[in-house]
Amino acid sequence: MGNNGSPAAGKPAAKRQFRIWRGDETGGDLQDYMVEVNEGEVVLDVIHRLQATDAPDLACRWNCKAGKCGSCSMEINGKPRLSCMTRMSTFEEGETVTVTPLRTFPVIRDLVTDVSFNYEKARETPAFAPPPGVAPGDYRMQQVDVERSQEFRKCIECFLCQNVCHVIRDHEENKQSFSGPRFFIRAAELDMHPLDAKTDRKEYAQAEQGLGYCNITKCCTEVCPEHIKITDNGIIPMKERVVDRRYDPLVWLGSKIFRRGDTPQSTASSAGKESVVHSGARQAGVHSHAGGSHDPAAEVQAQKGVNWHREVPHPTAPAVDASGKLPLTELTFDRAAAPSPFGDDVTFPLPPEHLNFAHPSQDEKH
Amino acid sequence: MTNTTRIERHHYDVVVIGAGGAGLRAAIEARLAGKKTAIISKSLFGKAHTVMAEGGAAAAMGNVNSRDNWQVHFRDTMRGGKFLNNFRMAELHAKESPQRIWELETYGALFDRTKDGKISQRNFGGHEYPRLAHVGDRTGLELIRTLQQKIVSLQQEDKRDHGSYEARIKVFAETTITELLLDGDRVAGAFGYYRESGEFVLFEAPAVVLATGGVGRSYKVTSNSWEYTGDGHALALRAGATLINMEFLQFHPTGMVWPPSVKGILVTESVRGDGGVLKNSDGKRFMFDYVPDVFRKQYADNEAEADRWYSDPDNNRRPPELLPRDEVARAINSEVKAGRGTPAGGVYLDIASRLPAEEIRRRLPSMYHQFKELADVDITKEPMEVGPTCHYVMGGVEVDPDSGAAYGTVQGLFAAGEVSGGMHGSNRLGGNSLSDLLVFGKRAGGHAASYTDQLTARPKVSVGAVETAVETALAPLQRDTGENPYSLQQDLQAVMGDLVGIIRREGELVDALSRLAELRERVAKVSASGGRRYNPGWHLALDLRNMLVVSECTAKAALERQESRGGHTREDFPTMDPKWRRVNLVCALDGDTVRLTHKPLPRIRPELINLFDRAELAKYLTDEELAEFDALAADAHAEKER
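Reading the values: the criteria
Residues numbered from 1 in each chain as written. Chains lettered and ligands numbered in written order. Predicted model: local features only at pLDDT ≥ 70, side-chain atom pairs only at ≥ 80, totals over all residues. Heavy atoms only, no water. Helix = DSSP H or I, 4+ residues; strand = E, 2+ residues; numbered from the N terminus. Buried < 20%, exposed > 50% of the residue type's maximum accessible area, 1.4 Å probe, protein only. Contact = heavy atoms within 4.5 Å. Areas by Shrake-Rupley, 256 points an atom, 1.4 Å probe, with all protein chains shown as cover. Expected span 1.5 Å × (residues − 1). pLDDT = per-residue confidence, 0-100. Axes fitted to C-alpha atoms, helices over the stretch in contact; angles between N-to-C directions. Parallel < 35°, antiparallel > 145°, perpendicular 65-115°, else oblique. Left-handed = near helix turned anticlockwise from the far one by under 90°. UniProt positions renumbered as here; feature names shortened; annotations may be inferred. Polar contact = N/O pair within 3.5 Å; in protein donor to acceptor, adjacent residues only side chain to side chain. Phe/Tyr/Trp six-rings, centres within 6.5 Å; stacked < 30°, edge-to-face > 60°. Lys NZ or Arg CZ within 6 Å of the ring centre and 35° of its normal. Pairing = 2+ DSSP bridges. Right-handed = clockwise from strand over helix to strand, strands pointing away. Salt bridge = Lys/Arg side-chain N within 4 Å of Asp/Glu carboxyl O. Core = buried A, V, L, I, M, F, W, Y, C linked by side-chain atoms within 4.5 Å. Buried area = accessible area lost by both parts, 1.4 Å probe. Nonpolar A, V, L, I, M, F, W, Y, C, P; charged D, E, K, R; others polar.

Undergrad: Help me get a handle on the overall build of chain B, residues and values and all.
TA: Assigned secondary structure in chain B consists of 19 helices and 23 strands. A buried classification covers 68% of the 642 residues belonging to chain B. When contacts within chain B are restricted to residue pairs at least 6 apart in sequence, long-range pairs at least 24 apart make up 73% of them. Entry remark: accessible area of chain B is about 20,000 Å², with carbon and sulfur atoms responsible for 49%.

Below is the structure:
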């Protein structure tokens, strides 16, 4: 490694120009900082130095600082990057480094964005279905078979692929019906899992995740810090096989008439399922805020009016323990049913003094 | 400011603080037992420090070498911990870890496979047989993702049955707990804040599981992330629980030392397990000079035999590069001190000359990637520069081995994973932490659930305690005269790194304690600028008092223990003393000050101690204990005769 030498032998620290976006959901702008940079440092080191000196309250997510956790995603000179993996030596001497938050997600503060979209989509993707009748310890798989799924399981959930995907980067309205590359490879991973018992992963991706919106620009693959071939190994095989299985001259003709074949395909996919509410209404561009729900089916429902055949969760008795009795906590607990996501003591509307919004100009007067 | 003083209230049966491997496993168990469960995570869901674990999860499944079984694993763990381990924890861990690993497969985990399709297992320092279930060198990520996805699948079940994903298990991401609240000596809840908004949140719950990980951020050179500020250790102390073994910190022998930006980041032990060797600046493979007597039987004394071991482990002794971590860390430290280190103050770790480039890229993909991207070093062509980095704390909350319930005066508090103490004794074997998380995470979650079942009334949170917690949390923002939290953290790191580091001396430890006392005054007056919304300065200011009290425990215990053992090396007491093996140092909080007491270790059960031969035990036990062992052996002999 002799080419690097010791830190002491390295070049002395130099001041570099940084422009960092500061602000919150009410607005903000780029602020200039002159900050010391040493040899061998990455952008995240410089941000940490800024926090320790000029800007102690500069908000920025990070954890491992080794490219393994995917927390420190941001846009550096306009490129979506992990700041812990962006070496300062990749910039020209004297080049200004501009750091902005991920554009696709709402800003919380400074470089921190609200990425809850991704967690909602993760929750909508059906989980691994264990093969029935195979006891733990009896799973047998060949290395060549697990490797295909393992490539996708390398994903560190930095959400750079989600951030860079045109379908949602430029079209907020698509977020409802489009899960994004991260969850296409999740579906692909389960589809290729040698023992997954669910057999309709591809159909699901097409019908529920919005796989059809993807027009394979490969931007996701380009920004992936784990170098997962998202498009080539994940999305394209999913698309191809969806087409394979549905090959039917009429469907083919339909797909030539309708854009990208969404209508016939999603009808075909729901045919095999109990639920009848998925329909062709969920193609690119068709969208409303009816109901404000994140459940696409519910939205379609809302547009159609009341449907008495709609499936609703059946009322169920609380779970009982091994002896067939209610857990005691159910009795000592002072309220029934699920906890409110807003806290158990919150009632709406909130009194105005409990809102944490303040007009920016009012805030300045404080 | 724009923030309100409103406190959001939530009711749960079990609150799990920490969303790493142990926390998620505990939460799954509590939810499976039918409890309403909350998971509190300082970071986003799925970013926990567990993702950094590279090597694998140790479990005696015997897939690669069928001679492996729980007894051998138990022996290795006790040996690695220099017999200071809580034997019952080591026993449970060795017995239950295979089931915990197999269970992960039913959640969807995809481990690397053997030829016959079973889970492949790799060699690792201190483990007699290949034992680590792994996925390349990103096993921790696989573990977290699998548990995360299991929780999602439970939420999907709840959505189906109850109409809401969050009916029975909810993740509170980017939320920090600052205080546990008690009703008498019972846990009644936990108070904290949302990092995003700075708003306060109160969880009322009769049972709390701590799974907050370690304390590494108190050190400058560390592989730990910002979250590792000893929160769980400090919360437990303040709630009346006790900590044991706080003097034992594991310095991982191979952290990156160049470039400065990545100083401390881990280079997995698998590099050595797969053939990598350590060399000093003279090009000498120096580890042969550092094999301690207790390990002579298992480790090779020449290069030829060591090299043969990789292909024929049954007939050759292991290469000394695979000694337990404390031995390797000390050896590297000595080489560097003797002036045979690299320019950046480490030694060379060479795999380039040992394996073909293609093989290195296949076996160690993330290491190749990490060096290429972070340091611009191609490990298939050049050696790496490595040195010791603060990696793991063996000490932690003193718990009941079977249930994970905290000792001390508090009830309803449980701990699992790195925040609990005892399992690893004075030194943890690589690979044992991932299985530790699963085994004791499950136990703590399950026992927390059954603890809530036997309560006849829910403990109540007192209004006064909540008001105090609010005041404490807001104090740094309301002061503008105090010091900047970042410079205080740097000072704390300097004290711990320089005076309570790998090699310790009495004078330095005394000095450290007086400096920590000064720091305590300064931390009490820390001030943070800015508002409550996502303000990292404020967050650090609140974490500092946790880091400080935990550092005091470490320094006090290190001063008290007059011997060298595992992760505690005293220059003035360089050898292991059997008398000290019988003692755990227990820390408790008396008002504001850390109080230290001696507590005897539980006696190892006869059938377990009989797994060792007398010659080996003689290295660890006092004469008195050996006499007892001999009496036992005589009894057993007589029994057989009869």
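Undergrad: Mind laying out helix α14 (residues 506-524) of chain B, listing which residues take part and the relevant values?
TA: In this model, α14(B) (19 residues) spans 27 Å end to end at C-alpha, consistent with the 27 Å of a helix rising 1.5 Å per residue. Buried positions along α14(B) lie against α13 (485-499), β20 (503-504), α15 (536-560) and β21 (569-570) of chain B.

Undergrad: Describe in detail the confidence of the model for chain A, supporting the description with residues and values.
TA: All names here are of chain A. Mean pLDDT over chain A: 79, with 68% of residues reaching 70 or higher. Every residue in residues 1-10 scores below 50 in pLDDT, and together they form 20 contacts with partners more than four places removed in sequence or on other chains. Note on residues 259-294: pLDDT is under 50 here. Beyond four places in sequence and across chains, it has 63 contacts.

Undergrad: Can you explain the packing of helix α1 (residues 21-32) of chain B against helix α4 (residues 139-162) of chain B? Please cite residues and give values.
TA: Residue and element names in this part refer to chain B. Two elements in contact, α1 and α4, have axes whose closest approach is 9 Å; the angle formed by their N-to-C orientations is 25°. Considered as vectors, α1 and α4 are oriented roughly parallel to each other. Both α1 and α4 take part in a crossing whose hand is left-handed. For the pair α1 and α4, contact is made by Gly21, Leu24, Arg25, Ile28, Arg31 and Leu32 and by Leu143, Ile144, Leu147, Gln148, Lys150, Ile151, Leu154, Glu157 and Asp158, respectively.

Undergrad: Please give an account of the UniProt feature "binding site: substrate" (unreviewed entry) in chain B that cites residues and values.
TA: Residue and element names in this part refer to chain B. In this numbering, the UniProt entry assigns the feature "binding site: substrate" (unreviewed entry) to His252, Thr268, His391 and Arg428. Looking at the secondary structure, you find His252 in strand β13 (residues 249-256). What makes His252 buried here is its relative accessible area of 1%. Beyond its immediate chain neighbours, meaning those up to four positions away, His252 contacts Leu266, Val267, Glu269, Arg272, Arg325, Gly387, Pro388, Thr389 and His391. At 3.0 Å, the side chain of His252 forms a polar contact with the backbone nitrogen of Thr254. Inspection of the secondary structure puts Arg428 in the loop between β19 (420-421) and α11 (432-453). Those residues in contact with Arg428, other than ones at most four positions away along the chain, are Gln250, Arg325, His391, Tyr392, Met394 and Ser433.

Undergrad: Describe the packing of aromatic side chains, with residues and values.
TA: Pairs of aromatic rings are described using the distance from one ring centre to the other and the angle between the two planes. A full pass over the atoms with the stated rule returns 17 aromatic pairs over all chains. Ring pairs connect the aromatic residues B:Trp70, B:Phe74, B:Phe83, B:Phe612 and B:Tyr620, which therefore count as one cluster. Seen from the ring of A:Phe159, B:Lys47 lies directly overhead, with NZ or CZ sitting 5.4 Å from the centre. Over the ring of B:Tyr165 we find B:Lys159; its NZ or CZ atom is 5.1 Å from the centre of that ring.

Undergrad: Go over the sheet that holds strand β9 (residues 186-194) of chain B, please, and point to the residues and values.
TA: All names here are of chain B. Taken together, four strands build an open sheet; the order of strands is β1-β10-β9-β8 and the sheet is mixed. With one partner strand each, in any of the chains shown, β1 (7-11) and β8 (175-183) form the two edges of the open sheet. Ignoring strand direction, the axes of neighbouring strands in this sheet form an average angle of 25°. Pairing between β8 and β9: eight bridges, direction antiparallel. Residue pairing across strands places Leu181 opposite Gly189, the latter belonging to β9.

Undergrad: If you had to explain the side chain of B:Ser197 to someone new, which residues and values would you point to?
TA: Secondary-structure assignment places B:Ser197 in the loop between β9 and β10 (200-204). The class for B:Ser197 is buried, based on a relative accessible area of 15%.

Undergrad: Go over the environment of B:Gly431 with me, naming the residues and quoting the values.
TA: Residues and elements named next belong to chain B. With respect to the helices, strands and loops of the structure, Gly431 is situated in the loop between β19 and α11. Of the residues examined, Gly431 reaches a relative accessible area of 6% and is grouped as buried. In the structure, Gly431 is positioned 376 residues away from Gly55 in sequence and 6.4 Å away in space, judged by C-alpha atoms. In this structure, Gly431 is in contact with Gly56, Ala57, Ala58, Phe124 and Leu132, ignoring residues within four places of it in sequence.

Undergrad: Which residues make up the sheet that holds strand β16 (residues 384-393) of chain B, and what are the values?
TA: All names here are of chain B. Pairing is antiparallel across the open sheet formed by four strands, whose spatial order is β13-β16-β15-β14. The sheet is open, and its two edges are formed by β13 and β14 (277-279), each paired on a single side. Going across the sheet, the axis of each strand differs from the next one's by a mean of 45°, ignoring polarity.

Undergrad: Before we move on, could you go through the pairing of strand β3 (residues 37-40) of chain B and cite the residues and values that matter?
TA: Residue and element names in this part refer to chain B. Residues Thr37 and Ile39 point to one face of β3 and Ala38 and Ile40 to the other, with burial holding for every one of them. Relative to β3, strand β2 (residues 14-17) is paired through four bridges, and the arrangement is parallel. Bridging across to β3, Val16 finds its partner in Ile39. Regarding topology, α1 serves as the crossover connection from β2 to the parallel β3, and that connection is right-handed.

Undergrad: I'd like a rundown of unusual backbone geometry, residues and numbers included.
TA: Residues and elements named next belong to chain A. With phi around 55°, Glu157 is a residue other than glycine that occupies positive phi space. Along the chain, the position of Glu157 falls in the loop between α3 (143-153) and α4 (160-164). Within the chain, Phe159 stands out as a residue other than glycine whose phi angle is a positive 65°. As for its placement among the helices and strands, Phe159 is situated in the loop between α3 and α4.

Undergrad: Could you give an account of the pattern of salt bridges, naming the residues involved and the relevant values?
TA: It is possible for side chains bearing opposite charge to pair when their charged atoms get close. Applying the stated criterion across every chain yields a total of 93 salt bridges over all chains. A salt bridge links A:Asp32 to A:Arg19; the nearest nitrogen and oxygen atoms lie 3.0 Å apart. A residue pair is termed long-range when its members are at least 10 positions apart, and A:Asp32 in strand β2 (residues 27-37) and A:Arg19 in strand β1 (residues 14-24) qualify at 13 residues. Among the salt bridges present, the one from B:Arg354 reaches B:Asp307, with a minimum N-O distance of 2.9 Å. Pair noted here: B:Arg354 is in the loop between β15 (347-350) and α9 (357-363) and B:Asp307 is in helix α7 (residues 303-309), with a separation of 47 residues, a long-range link.

Undergrad: Now, about the nonpolar core: what can you tell me, with residues and values included?
TA: Of all hydrophobic cores here, the largest spans 242 residues; its most connected members are A:Phe18, A:Val99, B:Leu210, B:Val397 and B:Leu413. In this structure, A:Phe128, A:Met141, A:Leu190 and A:Leu195 belong to the second largest nonpolar core, which totals seven residues.

Undergrad: Any chance you could break down the interface of chain B and chain A for me, citing the residues and the numbers?
TA: If you look at the interface, chain B gives 100 residues, while chain A gives 97 residues. Buried area between chain B and chain A, summed over both chains or domains, comes out near 8,400 Å², and the portion from carbon and sulfur atoms is 53%. Of all residues in chain B, B:Lys47, B:Leu110 and B:Trp258 bury the most surface against chain A, accounting for 9% of the area lost on that side. Where chain B packs against chain A, one counts eight salt bridges. With a closest N to O distance of 2.7 Å, A:Arg61 and B:Glu174 form a salt bridge. Mapped onto the side of chain B that touches chain A, the elements with two or more residues apiece are β1, α3 (87-106), α4, α10 (365-375), β16, α11, α13 and α15 of chain B. Considering every element that reaches the side of chain B that touches chain A, the biggest residue donor is α4(B), with 13 residues. Broken down by class, the residue content of the side of chain B that touches chain A amounts to 33 nonpolar, 30 polar and 37 charged.

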